[in-house]
Protein chains: 2
Amino acid sequence: MAAFKLNLSLNHHLQNHPFINTKTKIDFSWQFNKTLINQPFTITCTSKHMEKMVSLREIQGPDNWSGMLDPMDPVLRNDLIRYGEMAQACYEAFDKDPYSKYCGSCKVPPKSFFQDLGMDSSGYEITSYIYSSNTSNLIPKFFIKSLKSDGPWNSRVNWMGYVAVSNDETATRLGRRDIAIVWRGTVTKLEWMEDLMNFLKPVSAQNLASRDPNIKVMAGFLHIYTDKDQSCMYSKFSAREQILAEVRRVTKIYGERGEKMSITITGHSLGSALAILSAYDIAESGLDKPEKTERIPISVMSFSGPRVGNTKFKKRVQELGIKVLRVFNIHDRVPNVPGVLFNECTSALVPWVADWTSFFYSHVGEELGLDHTKSSFVKERLDMVSMHNMELLLHLLDGYDGKDSEFRVARGRDIALVNKDGDILKHEYLIPPHWSQVENKGLRKNSKGEWKLPERKGIEDHLRHLQVERHLRKLRLI
Amino acid sequence: MAAFKLNLSLNHHLQNHPFINTKTKIDFSWQFNKTLINQPFTITCTSKHMEKMVSLREIQGPDNWSGMLDPMDPVLRNDLIRYGEMAQACYEAFDKDPYSKYCGSCKVPPKSFFQDLGMDSSGYEITSYIYSSNTSNLIPKFFIKSLKSDGPWNSRVNWMGYVAVSNDETATRLGRRDIAIVWRGTVTKLEWMEDLMNFLKPVSAQNLASRDPNIKVMAGFLHIYTDKDQSCMYSKFSAREQILAEVRRVTKIYGERGEKMSITITGHSLGSALAILSAYDIAESGLDKPEKTERIPISVMSFSGPRVGNTKFKKRVQELGIKVLRVFNIHDRVPNVPGVLFNECTSALVPWVADWTSFFYSHVGEELGLDHTKSSFVKERLDMVSMHNMELLLHLLDGYDGKDSEFRVARGRDIALVNKDGDILKHEYLIPPHWSQVENKGLRKNSKGEWKLPERKGIEDHLRHLQVERHLRKLRLI
């Protein structure tokens, strides 16, 4: 054992790490490696939340998270929760009130997104919002709109998520500039599942960058990703175009600075499907290989996601080097659709049929299946919607140490969060169900004594379409 | 027409009256009378909200509001709305969250009651809260309790309302010190109706001050009014005893000062029944005739109330000089129970049966029936709960000028209030239904990042039982 002086970046990481108490004497035997990849080291540490060995490794999954899931790597868990909270934030920011003139938009401006949602320490800054248009009306129950048809917000457009870039502090901690793409899922109810079942038909991904017509994805997901409405400034470009342009813009900036980068795409539920689809598209478009820069690793942190494409799609995602980690509650039924009958398991039994029909849906990536019945905080009987709940999943992740380990309570994540959008906790904890709500549904009393939903100013500043156009031209997409 | 100098009190009234623009030239022909009773006078005035003749008379109803209801007297309407808002405030202050340890109590302390509810200009100060115990368990669906059975709040006790006294400014305006007794009604749903239907049996009011065993009232109401739980400091005395003691205490204070007084009792729904019952009891106990003081008029402003007692009860209430004004939506079914078949109408057809059985339920007092179909703001189809809604009733009152007059919109009361606890307004007004809610159901994030319902301090200060006891002894009730 030799004394070792940590470099500034690592020191910073340790000082700010939620599980590591840096006041504790640290002993380690470790060879320093600049890349911090595939080089395990151990630190003996104690903290209020954890008194165990921490293995610090690359969370981006270059090795498909081999050896990091069982037992669960605490650093990976922590970062997974962080990405999950960024996805959860979309639900809270989304204006889903049909009585609002701005229903379907994001309630807060991108500049103060994390602050307004009480996530000051997210470590990211939003660079762009993502919008999608319901032009084809293929998934009517997914898109929501205001009761006022002639309001200031285009009723066919929904806010779909955001692109964010890690700030300097987080970039230092991660050892790279992380570009996060975060997709909003569906509002709590599961009516959209019905939409999905109605549009099980897989369609060729050829209107993406794909060159193989046998690569097929769910028509519904593809439409959300590619539909646009030329008449509307928010969806003049499709979600796809907005993202490709933004990734090009941001990677150009940091590439020119010579920074290492990563692209991490995340989402819950339907947002997870869009995350995988967009990861595939970004890689297929070659945006992970900018000029004069080393390849940017692309990872997907998928939460409770359904299947997205067929086996050909899965193979291509693997070939492209995209790393997917699928976190889900094993009792949740959403990850089983589409393809309850024809999926990656049955295709192994009848591989020639699968190849011939291109019809077998297949999950992509590594699995991290969690089990809500292991948490003593959770009700014994949950309905379908609850088993699919994102906050429940984060709670399960927080208490997870490995397949055969017991669920560990009180690791620091407040259990009350589990009931934020659900009725999941046992009554004895006295946490009201569905407690996340704003005062008086956002109505405010004005000087005349009238209760009104405030006008929202500067809503048109959310997108920078001129830039999108410029980058799409560079990408030869328009 | 002669110039006339108004006395200070009247001047003050006019200056503060919401409908009267005192900058307008005032012409009148009128003989001044100290009592201000039964002496109509007219003022030509203009205001933003009303440009019509205002008839200023005693709103306490000494003449059973004769000539004041059609056309509607604007001053009476204004005061009725004020009493109605005091009753509505009970719904907002009541902790009805079963996940709260304090479920069943009042969320705010009496000292800051009106301020905490945004009613700074109520013009009243609360002197005592009223509690009731569900000892007999006769109306189980009316009483609510916490899921936590061993919490700091007695699960059998519910906060039932308050006693308030007009402040100096309001007393000056009204020309008397008004003692308001305000009863909470039932939380929005109508399950308690089922309870009532199960306990239609009228019982003798003999355990009140009544001497006639044929005077009968609904057993359910009587139990809420008289039940007590010796083991609990909040319901050691029944609601009845708390009120009688408080009325004696307050009337003694202002009586000794030589002030004129009035007692106005109000409540919505089941609260209206308790208002009539307590008015009867106060008068029957002789509390309206304190020594060395002129009789204190007792009025009931009843909102959407069911029937309370039989025809003998009605007659006695009239004999005692209690004035009751019943405001209700003519489509609401609650005022028709109990006694859908046997009521004041059918008893007129078969009076000998009514007298013989003592079984006919009868409404007491003057009627002010309003019609929600006259308001263009209200949905065309409403369910039973909505038609019984208190805020809807206040909206109808606000727009009411008389039986044959059109509903007058925009008199100053915000229409958004109609949807505060209901789904009543037409969608086109874009007011979310049931918008009255607190941020995150009252959960607050503490310094450890945990979301908790805050502990409530000083809850035991809400009652002053020593005083209750002293006054009950004076009344020879204990």
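Computed from a predicted model, the values in this text were never measured in an experiment. (Residues numbered from 1 in each chain as written. Chains lettered and ligands numbered in written order. Predicted model: local features only at pLDDT ≥ 70, side-chain atom pairs only at ≥ 80, totals over all residues. Heavy atoms only, no water.)

**Regarding the relation of the copies chain B and chain A**
Line of reasoning, step 1. The operation relating chain B to chain A is a screw motion whose rotation component is 180 degrees, with 0.0 Å of axial translation and a residual RMSD of 0.0 Å. Those values place the two copies in the arrangement expected of a two-fold rotation axis. By C-alpha distance to the rotation axis, the residue of chain B lying nearest is Glu439 of chain B, at 2.1 Å.
Line of reasoning, step 2. A high fraction, 100%, of the interface residues of chain B reappear at the interface in chain A, so the copies pair face to face through one surface. (Least-squares fit on C-alpha atoms with pLDDT ≥ 70 in both. Contact = heavy atoms within 4.5 Å.)

**A closer look at the interface of chain B and chain A**
Where interface size is given, it is often the accessible area lost as the parts come together that is meant.
Line of reasoning, step 1. Counting residues at the interface gives 30 residues for chain B and 31 residues for chain A.
Line of reasoning, step 2. At the boundary of chain B with chain A, total buried surface from both sides reaches about 2700 Å², with 63% on carbon and sulfur atoms.
Line of reasoning, step 3. In terms of surface lost to chain A, no three residues of chain B exceed Tyr99, Leu430 and Gln437 of chain B, which account for 29% of the buried area on that side.
Line of reasoning, step 4. At the junction of chain B and chain A, the tally comes to 10 residue pairs in polar contact (both at pLDDT 80 or more).
Line of reasoning, step 5. Among the residues forming the side of chain B that touches chain A, the class breakdown is 14 nonpolar, 7 polar and 9 charged. (Buried area = accessible area lost by both parts, 1.4 Å probe. Polar contact = N/O pair within 3.5 Å; in protein donor to acceptor, adjacent residues only side chain to side chain. Nonpolar A, V, L, I, M, F, W, Y, C, P; charged D, E, K, R; others polar.)

**What to know about the pairing of strand S5 (residues 177–183) of chain A**
Residues and elements named next belong to chain A.
Line of reasoning, step 1. With 7 of 7 residues buried, S5 is to be regarded as a mostly interior element.
Line of reasoning, step 2. Along S5, one buried face is formed by Arg177, Ile179, Ile181 and Trp183 and the opposite face, lined by Asp178, Ala180 and Val182, is buried too.
Line of reasoning, step 3. Looking at chain direction, strand S4 (residues 157–166) and S5 are connected through 5 bridges and run antiparallel. Looking at the pairing, Gly161 lines up with Trp183 of S5.
Line of reasoning, step 4. Pairing between S5 and strand S8 (residues 261–268): 7 bridges, direction parallel. Bridging from a neighbouring strand, Val182 pairs with Thr266 of S8. (Buried < 20%, exposed > 50% of the residue type's maximum accessible area, 1.4 Å probe, protein only. Helix = DSSP H or I, 4+ residues; strand = E, 2+ residues; numbered from the N terminus. Pairing = 2+ DSSP bridges.)

**Quick look at the packing of helix H8 (residues 270–284) of chain B against helix H9 (residues 311–319) of chain B**
Pairs of packed helices are described in terms of their axes, by the angle between the two and the distance that separates them.
Residues and elements named next belong to chain B.
Line of reasoning, step 1. Where H8 contacts H9, the two axes come as close as 10 Å, and the packing angle between them is 55 degrees. Put simply, H8 runs oblique to H9. The hand of the H8/H9 crossing is left-handed. For the pair formed by H8 and H9, the contact residues are Ile276, Leu277, Tyr280 and Glu284 on the first element and Phe313, Arg316 and Val317 on the second.
Line of reasoning, step 2. Across the contact of H8 with H9, the residue classes tally to 5 nonpolar, no polar and 2 charged. (Axes fitted to C-alpha atoms, helices over the stretch in contact; angles between N-to-C directions. Parallel < 35°, antiparallel > 145°, perpendicular 65-115°, else oblique. Left-handed = near helix turned anticlockwise from the far one by under 90°.)

**Things to note about the sheet that holds strand S11 (residues 323–329) of chain B**
All names here are of chain B.
Line of reasoning, step 1. Taking strand neighbours across the sheet as the criterion, the 7 strands line up as S3-S4-S5-S8-S9-S11-S13 in an open arrangement whose pairing is mixed. The sheet terminates laterally at strand S3 (124–133) and strand S13 (366–370), the two strands that pair on one side only. Going from strand to strand, the sheet's axes swing by 15 degrees on average, the running direction of each strand aside.
Line of reasoning, step 2. The sheet strands contacting H8 are strand S4 (157–166), strand S5 (177–183), strand S8 (261–268), strand S9 (298–303) and S11, and the helix crosses S8 at an angle near 150 degrees.

**Some words on the packing of aromatic side chains**
Residue and element names in this part refer to chain A.
Line of reasoning, step 1. Enumeration over the complete set of coordinates arrives at 28 aromatic pairs over all chains.
Line of reasoning, step 2. Ring centres of Phe113 and Phe114 lie 5.1 Å apart, and the angle between their planes is 90 degrees; this geometry places the pair in the edge-to-face category.
Line of reasoning, step 3. Overall, Phe113 belongs to the buried group, its relative accessible area being 0%.
Line of reasoning, step 4. On the basis of relative accessibility, which here comes to 3%, the residue Phe114 falls in the buried class.
Line of reasoning, step 5. Through successive ring pairs, a cluster of aromatic residues spans Phe113, Phe114, Tyr129, Tyr131, Trp153, Trp159, Tyr162 and Tyr234. (Phe/Tyr/Trp six-rings, centres within 6.5 Å; stacked < 30°, edge-to-face > 60°.)

On their own, these measurements won't tell you what the molecule is for.
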